[in-house]
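Overview (structure and organization)
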Amino acid sequence: MAKKRSPEEHSIDPAAQQMIIRADQLGISTAFSRADDMAPCNIGSAGMCCKLCGMGPCRLTKDGQTGICGATLDTIQARNLIRAIAAGAAAHSDHGRDMAFTLKAVANGEAEGYVIRDVAKLRVVAARYNIPIEGRAPEEIANDLADLYIAQFGQQRGEVAPAIRAPKKRQEVWRQHGVMPRGVDREVVESLHRTHIGDDQDPEHILEHAIRTALSDGWGGSMIATDVSDILFGTPAPVLGQANLGVLKEDMVNVVVHGHEPTLSEMIVAASQDPEIIEYAKAAGANGINLSGICCTANEILMRQGIPAAGNFLQQELAILTGAVEAMVVDVQCIMQALVELARNFHTEIITTSAKVKLKGATHIQFDEHKALTIAKDILRHAIDNYKNRGETQIPDIREDLVPGFSHEYISYMLGGSYRASFRPLNDAIMTGRIRGVAAVVGCNNPRSQHDYLHTHVTRELLKQDVLVVETGCGAIASAKLGLLLGEAGLDQVGPGLREICETVGIPPVLHMGSCVDNTRILTVLTEMVEEGGLGDDIDQIPAVGLAPEWMSEKALSIGTYCVASGAYVIFGGSSPVSGMPDRVADSDIVQRYISEGWEKLYGGKLEFVAEPDEMIRLTLEHIDKKRAALGLPEYDPNRFGRSGDARMLALEALPLEERQAALYGAPNQ
Ligand code: SF4
Ligand code: MSK
């Protein structure tokens, strides 16, 4: 049995620590305590177990050993990996499919309560696919775009449409290696087919299709999900929000939305503002309804509506432990089955809403986009009716402000203004060395490591090194809780050149770009940086790295792989699902080496698993500097910058008047 860790070892977040202590006092298990109780299987976690058929499971723990069918260790590892990637791609893409069907329903006036909020984005996106836009109503354009997007899932031949938005050279790389995705469902199905007993048994060939499957997610299903969410609910722009369990309110009906799809949560936001519902809450003795989010549903409504985030993945149970949550409304992905059992200790009602996700013991209120507002109100009434059942509460008085909402459209606008929106200033800042490079620090929490520590440690250290950080998913919420997503609070922690840029543009040093499907926004930023010029002609030349320090989901593996296929160096923390045990079984890390060195030769990007956070930081900086050198950019030198902007003004203000004037205007003439 693994060692029992203290609350401080479980999480760096004091709000989380308080609830972990409460769970302990009440004798309730959480993912933290269960992770202590359950040591991971070292054979399975190294990718050395196959259970694809009834002759197995086969565990390959000796040199030269094969499965009963003769499968070698590298084949088994490659099959395990591609299956995980396919599941991740399927989850993201099914989300995208549902969004596309909602767009279709809205375009045809069949979706109660929804409107097309961002007509400008609709027109821009439709025009990319040559859908006529001039002189047409938004609904007509939306109908055509919805048809095109719905078709991407079942398309059998050709290329998924959003792939034309990648840099030209990148598209050629994909065509040349035969990994351009044809249709989303086709690539996922083929992954499952190829890994059935007796099919594809050449690991490199299997992993080639893993690339194609992941690309069908990043440049397919996920990109569709992000586009449609923006069109229907508005493209994010900076907004003030709050994060952590302290956003729950003692005197209000607390409804926590959790999962991923914004379709229902956006309607719950609208319904919570309905005077009739507010009145209903007041009649129940509450001061109103307090909505908050967990995981990526939190990110969706936080970045568009400023609705607070109660926490990230590992805080879903902790929110219930406050005793103050009347209803936790879940849709799809990252929802722990433990919620129902945990909620039995309190009054919290767990409400499932997706036709795809039911939990035994939860209340199911089926979501239907055709009558979304009615369903949202129904859910809120359930929560309000439950308010009277609330018992003793303990809400940590801990929350932090943040500014999320940095879509690629907004980044381009903030850098160049309305009339000359552009990535030029960002490219220039990298080219001069004010910004050393860019890191995307994204992904989940994992109770095997200290909650939020790896995310925030890596982020803070990179900021000190003048690396601009963009974040999504649960990682973004981790940084938010630490104050890094708030300009003034974060700027004293960043390097001198980056600080100048943040002060000049007026941005926090960490940009919150959305939920986990929104990693496609990062692909778009990288593409626009390439198109802007000065940083090479493909994504693999940009001084940029992707990191998922606390990953746990299969979706993270799909994201990591599509970023590699797009040319990025991607570093995952924690353990590698294909590590093998080289100390016990020679060459059992063939697959691990292939997805690094092999993929780099083919795609310019590589996927590596690095457990040690300081090593992650070292590798990131080394890669950024290598890419800078290859582009012929000046070597990074922190001493060249930092003498302008707000910091300089503060230093000047501290000087006596004469010295200040001399510094500003030169010494007076004698
Ligand atoms: Fe064993 Fe081969 Fe069956 Fe896998 S497919 S369980 S290695 S016999
Ligand atoms: S919710 S996939 S834990 S980021 Fe998107 Fe968070 Fe990872 Fe789920």
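Residues numbered from 1 in each chain as written. Chains lettered and ligands numbered in written order. Predicted model: local features only at pLDDT ≥ 70, side-chain atom pairs only at ≥ 80, totals over all residues. Heavy atoms only, no water.

1. Considerations on the environment of Ile-141
Within the secondary structure, Ile-141 is located in helix 7 (residues 138–154). Placed 494 residues apart in sequence, Ile-141 and Glu-635 show a C-alpha to C-alpha distance of 48 Å. Other than its neighbours up to four places away in sequence, Ile-141 contacts Leu-122, Arg-123, Ala-126, Ile-131, Pro-132, Ile-133 and Arg-136. (Helix = DSSP H or I, 4+ residues; strand = E, 2+ residues; numbered from the N terminus. Contact = heavy atoms within 4.5 Å.)

2. So, the packing of helix 23 (residues 519–532) against helix 24 (residues 554–565)
Each packed pair of helices is defined by two parameters, the angle between the axes and the distance between the axes. Running from N to C, helix 23 and helix 24 point in directions that differ by 10°, and their axes come no closer than 11 Å. The orientation of helix 23 with respect to helix 24, classified from their angle, is roughly parallel. Counted together, Asn-519, Thr-520 and Leu-523 of helix 23 and Ile-559, Tyr-562 and Cys-563 of helix 24 form the full contact between these two elements. In terms of residue class, the contact of helix 23 with helix 24 is made up of four nonpolar, two polar and no charged. (Axes fitted to C-alpha atoms, helices over the stretch in contact; angles between N-to-C directions. Parallel < 35°, antiparallel > 145°, perpendicular 65-115°, else oblique. Nonpolar A, V, L, I, M, F, W, Y, C, P; charged D, E, K, R; others polar.)

3. Topic: the site of ligand 2
In the neighbourhood of ligand 2, 13 residues make up the surrounding shell, with His-260, Cys-296, Cys-334, Cys-474 and Cys-516 lying closest. Those elements that place two or more of their residues in the shell around ligand 2 are helix 13 (295–305) and helix 20 (473–481). Its residues assigned to classes, the shell around ligand 2 shows eight nonpolar, four polar and one charged. Both domains that meet at the shell around ligand 2, namely domain 3 (241–400) and domain 4 (407–574 + 610–639), each give it at least three residues. (Near = heavy atom within 4 Å. Domains from an automatic or database assignment.)

4. Concerning the pairing of strand 14 (residues 544–548)
Burial analysis of strand 14 places five of its five residues in the buried class, which makes it a mostly covered element. In the sheet, strand 11 (residues 437–441) pairs with strand 14 via four bridges, with the strands oriented parallel. Paired with Val-438 across the strands is Ala-544, a residue of strand 14. In terms of handedness, the path from strand 14 via helix 24 over to strand 15 (residues 569–572) forms a crossover that is right-handed. (Buried < 20%, exposed > 50% of the residue type's maximum accessible area, 1.4 Å probe, protein only. Pairing = 2+ DSSP bridges. Right-handed = clockwise from strand over helix to strand, strands pointing away.)

5. Examining the site of ligand 1
By nearness alone, 13 residues border ligand 1, and Cys-50, Cys-53, Gly-56, Cys-58 and Cys-69 come closest of all. The residue inventory of the shell around ligand 1, partitioned by class, reads ten nonpolar, two polar and one charged. There are two domains that each give the shell around ligand 1 at least three residues, and those are domain 1 (7–59) and domain 2 (73–233).

6. So, empty space enclosed by the protein
Applying the stated criterion across every chain yields a total of six cavities of 30 Å³ or more. Put simply, the largest cavity is a space of about 340 Å³. Forming the boundary of the largest cavity are 31 residues, of which Ala-439, Ala-440, Val-470, Ile-522 and Val-545 lie nearest the centre. Listed by contribution, the elements that provide at least two residues to the lining of the largest cavity are helix 17 (408–416), strand 11, strand 12 (467–471), helix 23, strand 14, helix 24 and strand 15. Take the lining of the largest cavity: its biggest share by element is five residues, from strand 14. (1 Å grid on protein atoms, 1.4 Å probe; cavity = no way out; pocket = protein on both sides within 12 Å on 5 of 7 lines; lining within 4 Å. Points joined across faces, edges and corners; volume = space filled by probe spheres on them.)

7. Examining the pairing of strand 8 (residues 349–352)
Side chains Glu-349 and Ile-351 project from strand 8 onto one buried face, and the interleaved Ile-350 and Thr-352 project onto a second face that is buried too. Pairing of strand 7 (residues 325–330) with strand 8 involves four bridges; the strand directions are parallel. Paired with Val-329 across the two strands is Ile-351, which belongs to strand 8. Handedness of the crossover is the feature at issue here: the chain leaves strand 7, passes through helix 15 (residues 338–343), returns alongside strand 8, and the resulting connection is right-handed. Inspection of the sheet shows strand 8 paired to strand 9 (residues 363–364) by two bridges, in the parallel sense. Across the sheet, Thr-352 pairs through a bridge with His-364, a residue of strand 9.

Just distances and angles here, no functional claims.
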